[in-house]
Amino acid sequence: MSSTGLAVEALGLRKRYGDKEALAGIDLAVPWGTVLGLLGPNGAGKTTTVKILTTLRRFDEGRATVAGFDVRREPARVRSRIGLVGQSAAVDEVLSGAQNLALFGRLFHLDRASARRRADELLERFGLADTGRLPVSQFSGGMRRRLDLAASLILAPPVLFLDEPTAGLDPRGRNEVWQSIRELAVAGTTVLLTTQYLEEADQLSDEISLIDEGRVIAEGSPGELKARLDRDYIAVVVRDADSLPAAAEIVGRVAVAVAEVDADRRVITAPVRNSVGALTDVVRALGDAEIEAEDIALRHPTLDEVFLTLTANERSIEEVAA
Amino acid sequence: MTTRVEVPDGPSARVRWALTDSWTMTERALAHWARQPWLVFMGIAFPLLILAMFLYLFGGGMTVPGGGEYRDFIVPGVFAVTMFFGVEATMTAVNADAARGVTERFRSMPMAPSATVAGRALADLLFSLLLLVILIGAGLLVGWNWHSGLGNAMHAFALLVLLRFAFIWVGIYLGLLVKGPEGIATVQVLVWPFVALSSVFTSPEHMPNWLGTIAEWNPVSTTLHASRELFGNPGATGSSWAAEHAELLAFAWPLAMIAVFFPLSVRAYRALGY
């Protein structure tokens, strides 16, 4: 076992598919018992990273350890310590939920009776006990994903990988899966989850690694990442759409970037630095110009805005370098 | 609950895991059939239809090389062609499975990597034994029989099962190799000229010279030639080297095919997704 105290560690992971560099040197460190959210857009390298860490893909360069074992040298030992929930539910469609879990239990080398007992326990825990002989092909999306999660927990693995665990689920299914993940995290399971939903990373993770184009571009707790932007947003709703240009000009005076105007909703939004001072200035200037406001509010940035700002910075740096 | 099942260290423990995992995967395939009885029904109905078609529709216009009853000629032919057509069922099942998310789970689990393909091979072998028993029953019903003793007949059945086992590995490899329905459809079309170019339905002696030679070397033909001889059924004629050494080739061909396609299949399975 490694003595680093990390459940997952990746150093400089690189992976090419032909000409395309999928991973350009990913570094990750997930302490035992924490939840890391790997957040990024489609094609950022999230799935490739998960597949490498779960021994499903080879990688070209770098080093990775999971649960203290080298992914490249001891894949079988890694496999007996991890659970994986992939993007599409990895369960047998023809068989029932109970048959699926018993099958996977047997393949984890539990004896027949233990495999069946464990299957019953997990079906109960994930609210699938009444599915009986119903084949998985007739399950709802949420039920399927819960079965998938249950299948990953047969050996109660210390490290769990979840690749976009709520993709394609309706809000109810998503809440069910979130609840299950929270319970696992509370019970001490180390979780590495990928998502392109910023809210999801915010809700579930202790730490977030933002990745884009195969690299980690920022990391920290959700609060830290939001604070990194060092700016708040001011939003002004005007009563009369005709006053939008004048109001936008006023907001623009205090903003640190171009104000966005949503004509349909009569909203002007802009990032500001000295938020309280900016708010006072805007209120006074609107009064002087006799523009009637329905609402004026200050808010913290969303992770979306953090993400877009950080990736935009990256791109402009690259363009300058090029 | 924290259960840790350690990866076995010694080679004998590894073999034990490979065997139990293979059997678990065989049980999975059997459970699939139990839940999809129409698939099993179609698998059984197809060779019976071929038997009926050749016996009652085409049989009247056929002459048996060297003389004899057409039904004594065609029944072993249907045995052989059924063993060969299994390649399609195996390929389709393997291909569908490889495309499913569940294969990704198998690969992320601490199970023996060879078990997925070995389990499939064993399940398909069990099914072809069932098929062969049903076909023997059907053959006896329509008046076919063996004429050289039960021992020789059993020997012939064993050769037919060996042929099926060899084609299972071809099927597994093709199933892992081809991508999507176009690949499957291509193979489904190509199996027909493959059996037409054999001694199943007609004698290679009736074919143009060079085509007849290919037909006599066809592994389906060599096994069938040996089986017809062992059954004491007509049609085991021909003077090429392949025809005269059919019994040797009925062993050599399948063994060579297994030696090539078993390692290729395991390798292709491991390389899935890389």
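Residues numbered from 1 in each chain as written. Chains lettered and ligands numbered in written order. Predicted model: local features only at pLDDT ≥ 70, side-chain atom pairs only at ≥ 80, totals over all residues.

Asker: Explanation requested: the overall build of chain B in the structure shown.
Answerer: Helix and strand content of chain B: eleven helices and zero strands. Counting helices and strands in the order they occur from the N terminus, chain B gives α-α-α-α-α-α-α-α-α-α-α. By the compact-globule yardstick of 19 Å for 274 residues, chain B fits well, its C-alpha radius of gyration being 20 Å. Principal-axis analysis of the C-alpha atoms places the extent of chain B at approximately 70 × 40 × 35 Å. (Helix = DSSP H or I, 4+ residues; strand = E, 2+ residues; numbered from the N terminus. Rg over C-alpha atoms; globule rule 2.2 N^0.38 Å.)

Asker: Just checking my understanding: could you explain the interface of chain A and chain B for this structure?
Answerer: Many descriptions give the size of an interface as the accessible area lost when the pieces come together. Contact with chain A, which involves 29 residues of that partner, is made by 26 residues of chain B. Looking at the side of chain A that touches chain B, the elements that each hand over two or more residues are helix H2 (75-79) and helix H3 (97-107) of chain A. Ranked by residues supplied to the side of chain A that touches chain B, first place goes to H3 of chain A with four residues. Residue composition of the side of chain A that touches chain B, grouped by class: 16 nonpolar, seven polar and six charged. (Contact = placed C-beta atoms within 7 Å. Nonpolar A, V, L, I, M, F, W, Y, C, P; charged D, E, K, R; others polar.)

Asker: Help me understand helix H6 (residues 171-186) of chain A in this model?
Answerer: Residues lying three or four places apart along an α-helix face the same way, a consequence of the helix completing one turn every 3.6 residues. Residues and elements named next belong to chain A. Between its first and last C-alpha, H6 extends 22 Å over 16 residues, near the 22 Å set by a 1.5 Å rise per residue. Those residues of H6 that fall on the buried side of the exposure criterion are Arg174, Glu176, Val177, Ser180, Ile181 and Leu184. Angular distribution of buried residues about the axis of H6 spans 160°; they occupy a single face of the element. Turned more than 90 degrees from where H6 packs its buried face, Pro171, Arg172, Gln179, Glu183 and Val186 sit exposed. If you follow the buried residues of H6, they end up packed against helix H5 (141-152), strand S7 (159-163), strand S8 (190-195) and helix H7 (198-204). (Expected span 1.5 Å × (residues − 1). Buried ≥ 20, exposed ≤ 12 C-beta atoms within 10 Å, placed from the backbone. Arc of directions from axis to C-beta.)

Asker: When you look at the environment of Val251 of chain A in this model, what are you seeing that I'm missing?
Answerer: All names here are of chain A. Mapped onto the elements of the fold, Val251 is located in helix H9 (residues 244-254). Separated by 27 residues in the primary sequence, Val251 and Ala278 place their C-alpha atoms 8.5 Å from one another. Not counting residues within four places of it along the chain, the set of residues in contact with Val251 comprises Ile234, Val236, Ala259, Ile268, Ala270 and Val282.

Asker: Would you take a moment to explain the domain arrangement of chain A for this structure?
Answerer: Entries for chain A in the domain assignment read domain 1 (6-227) and domain 2 (230-300). The distance between the C-alpha centroids of domain 1 of chain A and domain 2 of chain A comes to 43 Å. (Domains from an automatic or database assignment.)

Asker: Teacher, can you tell me more about the packing of H3 of chain A against helix H1 (residues 11-35) of chain B here?
Answerer: Each packed pair of helices is defined by two parameters, the angle between the axes and the distance between the axes. Two elements in contact, H3 of chain A and H1 of chain B, have axes whose closest approach is 9 Å; the angle formed by their N-to-C orientations is 165°. Here H3 of chain A is positioned roughly antiparallel relative to H1 of chain B, judged by the angle of their axes. Viewed along their axes, H3 of chain A and H1 of chain B form a crossing whose handedness is left-handed. From H3 of chain A, Gln99, Leu103, Arg106 and Leu107 of chain A reach across to H1 of chain B, where they touch Asp21, Thr24, Arg28 and Ala31 of chain B. (Axes fitted to C-alpha atoms, helices over the stretch in contact; angles between N-to-C directions. Parallel < 35°, antiparallel > 145°, perpendicular 65-115°, else oblique. Left-handed = near helix turned anticlockwise from the far one by under 90°.)

Asker: Just checking my understanding: could you explain the sheet that holds strand S12 (residues 260-262) of chain A for this structure?
Answerer: The strands making up a sheet associate through hydrogen bonds between their backbones, and the pairing can be parallel or antiparallel. Residue and element names in this part refer to chain A. Spatially, S12-S13-S11-S14 is the arrangement adopted by the four strands of the open sheet, whose pairing is antiparallel. The strands lining the two open edges of the sheet, one partner per strand, are S12 and strand S14 (293-299). Between one strand and the next, the sheet's axes are offset by a mean angle of 15°, whatever the strand orientation. Summarising the sheet, strand S11 (residues 232-238) and S14 pair through six bridges and their orientation is antiparallel. Within the sheet, the bridge partner assigned to Val237 lies in S14 and is Asp295. H9 rests against S11, S12 and strand S13 (267-272) of the sheet, and its axis sits at about 10° to S13. With respect to the sheet, helix H10 (residues 275-288) is in contact with S11, S13 and S14, its orientation differing from that of S14 by roughly 170°. (Pairing = 2+ DSSP bridges.)

Asker: Any chance you could explain the sheet that holds strand S10 (residues 215-220) of chain A here in plain terms?
Answerer: All names here are of chain A. If you walk across this open sheet you meet the six strands as S6-S7-S8-S3-S9-S10, and the pairing is mixed. Each end of this open sheet is capped by a strand with a single partner; those strands are strand S6 (82-85) and S10. For this sheet, the mean inter-axis angle between neighbouring strands, taken without regard to orientation, is 15°. Note: strand S3 (residues 35-39) against strand S9 (residues 207-212), four bridges, orientation parallel. When the bridges of S9 are listed, Leu38 appears paired with Ser209. Each of S3, S7, S8 and S9 is contacted by helix H1 (residues 46-53), which is oriented at about 150° to S7, the strand it contacts most.

Asker: Help me out: how do you make sense of the nonpolar core in this one?
Answerer: For soluble globular proteins, the rule of thumb is that nonpolar side chains tend to be buried together. Val66 and Leu101 of chain A together with Ala80 and Trp169 of chain B are the most contacted members of the largest nonpolar core, which has 144 residues in total. In contact with Leu101 of chain A, other than residues within four places in its own chain, are Arg118, Ala119, Leu122, Leu123, Ala150, Ala151 and Ile154 of chain A. Among the nonpolar cores identified, the runner-up in size contains 15 residues, and Ala247, Ala255, Ile268 and Ala270 of chain A belong to it. (Core = buried A, V, L, I, M, F, W, Y, C linked by C-beta atoms within 7 Å.)

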